[in-house]
Each structure stands twice: as structure tokens, then as C-alpha cells.
Amino acid sequence: MYDNPLMKRDAVTKEVKISARGCQVFYGDTHAIKDVDVDIEDKTVTAFIGPSGCGKSTFLRCLNRMNDTIDICRVEGTITLDGEDIYDPKVDPVQLRAKVGMVFQKPNPFPKSIYDNVAYGPKIHGMARTRAELDEIVERALRRGALWDEVKDRLDAPGTGLSGGQQQRLCIARAVATEPEVLLMDEPCSALDPIATAQVEELIDELREQYSVVIVTHSMQQAARVSQKTAFFHLGNLVEFGETGQIFTNPHDPRTESYITGRIG
Ligand SMILES: Nc1ncnc2c1ncn2[C@@H]1O[C@H](COP(=O)(O)OP(=O)(O)OP(=O)(O)O)[C@@H](O)[C@H]1O
Ligand SMILES: [Mg+2]
């Protein structure tokens, strides 16, 4: 039976990294996420798509407890990382966010040098004992952020002095510097021009070798280019989740079809 090629394909199915069950999110009386169940795989890019206000950012923020910082926000249900409940009172959200890093829509480097932007997290988390070790971490992160060659001669220059696309790659380098396992990206290219977007997309494809990446995007072309799995949200519901190719060529739900053919959203 192990010679069956379908079985082999099953055998390479990626491990589940993050799992949500019965996830509900409320902002006061607004029910923003409704009973979402999803398994996010390791070493895979998962795209969240759907019309504005459908809950993509809200659900993304559940995955590293970023919603904790919003007073009126209440999250219910279970979300696990490698089988461990991330909402368990024993979990330190700061430690969690080092493991589940986040990149935002607008590049937001700290008002510090390029070096210090990347070194900040590793310093807080005590990842380096010496300056030489910290230098190594910074270089490795900037290389992973596909930015090293452009900034290696000006590490002391302010991060805010870089171009928008460079700033976003700096933010990605900053996120990977703490050796995360998951990277959450909320419309990471929406403030970038087409060339910078292409660079960041290429980088996302490389990051997939090592991380589980979840990207929110308004661009269906981008979702199709960078992701292997796609989740379509509508009015707080996860309407459809599957292989990106299937979602775009053969959606099972009429709401997904309407969205991808441009009838809603
Ligand atoms: N901080 C907040 N306080 C109150 N309501 C909020 C807050 N953030 C989001 N919401 C509401 O929750 C719902 C989902 O919003 P969310 O930002 O998650 O949507 P989205 O899919 O990311 O939209 P967009 O594509 O425009 O970014 C919306 O009705 C929104 O108004
Ligand atoms: Mg959003």
C-alpha cells in the first residue's frame, strides 16, 4: 500500500503549526470573527483574503495575541502553537510574539540605527552573550531579510532613512532576528512600489523554507503568486480554505467565486 503515489503525497503533508478551533472575536458588541476552525501548516505560505472589514487582520492578530493590546477585544475558542494553548495564562505574550513574529502594513522601523533595529529583540531575549555574537545575529537576520548587501556599509545609519521597500525588509529582518517559527504579515506590500513588492514576495517565498508564513493581502495576484494555501473570509466567517490553486480555479463556495471574480469586495 505504501507504493500508492497518493499515499506518498499524503506522507509529505506538512505539519500543522497553528490550529484554531471555535475561534470567536468580539469588539464590544461587534462579532468580528465567527467560529473559525483552521489548521495552518509549517513551511507553507497561507494567504488570508476577503473583502475589507471581513476580519482578516483581526484573525491574524489572534495568532500572536496582538488583540490583547486592544481593550475592548475579546477572543474565545482555542488557538494552539505546536499543540500548546497560546492563551494559557502561563504563556508570556512577549515570548509568544518572539516565536510568532509580525510584520505590519506600513513599514515601522524604530527610530534607531539599522543595526539596533535588528539587534533590539535578540538583546531583550538575551540571545547574545557578546557583541560578536550579536553582530552575527544581526548579519544573519539582514541576510534573511535580503537586505544585507544594501546596508552592510551603513549599519549605523537610521532605519527610517531607508526606502520604503528597504524599510519593510528591515522590519522582516527584525522579525526573523528572534528566530521565530511563524511570521504573520498584514498587507506587507501595500505601501510598496511594484519592484519592492516583487523583492518582498521573493523573500516570502524563501522564508517558507524555514517558517510558517501567514500573509493578509488584498491582491489576489499576490495570493496566487506567493501562497500554497488560501483562506477566504467573509463577514467574519472563514468561508473556504484550501490549496491556493483550487481556491482560485475551482472555488467550492459561491461567495468565494463572487469575490475572486470581482463581484464582492
Ligand atoms: N480596534 C477595533 N475596535 C473596534 N472594532 C474593530 C477594531 N478593529 C477591527 N474592528 C472591526 O472588526 C471587523 C473586522 O475588521 P478587520 O480590521 O479585522 O478587517 P480586515 O479584513 O482586516 O479589513 P481590511 O481589509 O480593511 O484591513 C470590522 O467590522 C471592524 O470594524
Ligand atoms: Mg486588515
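Looking at an unreviewed UniProt entry, one finds the protein chain named Phosphate ABC transporter ATP-binding protein (PhoT family), with Rhodovulum euryhalinum as its source organism.

Student: Can you break down the packing of aromatic side chains residue by residue, with the values?
Tutor: Enumeration over the complete set of coordinates arrives at 5 aromatic pairs. Here the aromatic cluster, defined as three or more aromatic residues joined through ring pairs, consists of Phe48, Phe59 and Phe233. The ring of Phe110 has Arg174 sitting right over it, with the charged end atom 4.1 Å from the ring centre.

Student: Kindly report on the site of ligand 1, identifying the contributing residues and their values.
Tutor: Surveying the vicinity of ligand 1 reveals 15 residues, the closest of which are Ser52, Gly53, Lys56, Ser57 and Thr58. With respect to ligand 1, the backbone of Gly53 contributes an N or O atom lying 2.8 Å from an oxygen atom. Ser57 places a polar side-chain atom, nitrogen or oxygen, 2.8 Å from an oxygen atom of ligand 1. Contact with the protein chains hides 65% of the accessible area of ligand 1, taken as 630 Å² for the molecule alone. Considering each element in turn, the shell around ligand 1 owes the most residues, 4 residues, to helix H2 (residues 56-62).

Student: If you had to explain helix H5 (residues 131-144) to someone new, which residues and values would you point to?
Tutor: Between the first and last C-alpha of H5 there are 20 Å, a value that for 14 residues agrees with the 20 Å anticipated at 1.5 Å per step. Among the residues of H5, Leu134, Ile137, Val138, Ala141, Leu142 and Arg144 are the ones counted as buried. Angular distribution of buried residues about the axis of H5 spans 160 degrees; they occupy a single face of the element. Downstream of H5 by one or two residues, Ala146 has phi in the positive range, about 55 degrees.

Student: Could you give me a rundown of the nonpolar core, with the residues and numbers involved?
Tutor: Core analysis: the largest hydrophobic core is formed by 42 residues, its most contacted members being Val118, Leu142, Ile172, Met185, Ile204 and Leu207. With residues up to four places along the chain from it excluded, the contact list for Val118 reads Val138, Ala141, Leu142, Leu170, Ala173, Arg174 and Ala177. Core analysis: the next-biggest nonpolar cluster, separate from the first, contains 31 residues, Ile18, Cys23, Val25 and Val100 among them.

Student: Give me unusual backbone geometry: which residues, what numbers.
Tutor: In the Ramachandran plot, Lys43 falls in the positive-phi region, its phi being about 50 degrees despite a non-glycine side chain. As for its placement among the helices and strands, Lys43 is situated in the loop between strand E2 (30-41) and strand E3 (45-49). Residue Lys43 is classed as partly exposed on the basis of its relative accessible area of 35%. Positioned with a positive phi, Leu235 is a non-glycine residue whose angle comes to about 50 degrees. The topology assignment puts Leu235 in the loop between strand E9 (229-234) and strand E10 (237-243).

Student: Describe in detail the packing of H5 against helix H7 (residues 164-176), supporting the description with residues and values.
Tutor: At a minimum axis distance of 8 Å, the contact between H5 and H7 shows a crossing angle of 130 degrees. Relative to H7, the element H5 lies oblique. Both H5 and H7 take part in a crossing whose hand is right-handed. Taken together, the residues of H7 that come into contact with H5 (itself represented by Ala141, Leu142 and Arg144) are Leu170, Ala173 and Val176. Residues that form the contact of H5 with H7 fall into these classes: 5 nonpolar, no polar and 1 charged.

Reading guide: rules and limits
Residues numbered from 1 in each chain as written. Chains lettered and ligands numbered in written order. Predicted model: local features only at pLDDT ≥ 70, side-chain atom pairs only at ≥ 80, totals over all residues. Heavy atoms only, no water. Phe/Tyr/Trp six-rings, centres within 6.5 Å; stacked < 30°, edge-to-face > 60°. Lys NZ or Arg CZ within 6 Å of the ring centre and 35° of its normal. Near = heavy atom within 4 Å. Polar contact = N/O pair within 3.5 Å; in protein donor to acceptor, adjacent residues only side chain to side chain. Areas by Shrake-Rupley, 256 points an atom, 1.4 Å probe, with all protein chains shown as cover. Helix = DSSP H or I, 4+ residues; strand = E, 2+ residues; numbered from the N terminus. Expected span 1.5 Å × (residues − 1). Buried < 20%, exposed > 50% of the residue type's maximum accessible area, 1.4 Å probe, protein only. Arc of directions from axis to C-beta. Core = buried A, V, L, I, M, F, W, Y, C linked by side-chain atoms within 4.5 Å. Contact = heavy atoms within 4.5 Å. Axes fitted to C-alpha atoms, helices over the stretch in contact; angles between N-to-C directions. Parallel < 35°, antiparallel > 145°, perpendicular 65-115°, else oblique. Left-handed = near helix turned anticlockwise from the far one by under 90°. Nonpolar A, V, L, I, M, F, W, Y, C, P; charged D, E, K, R; others polar.

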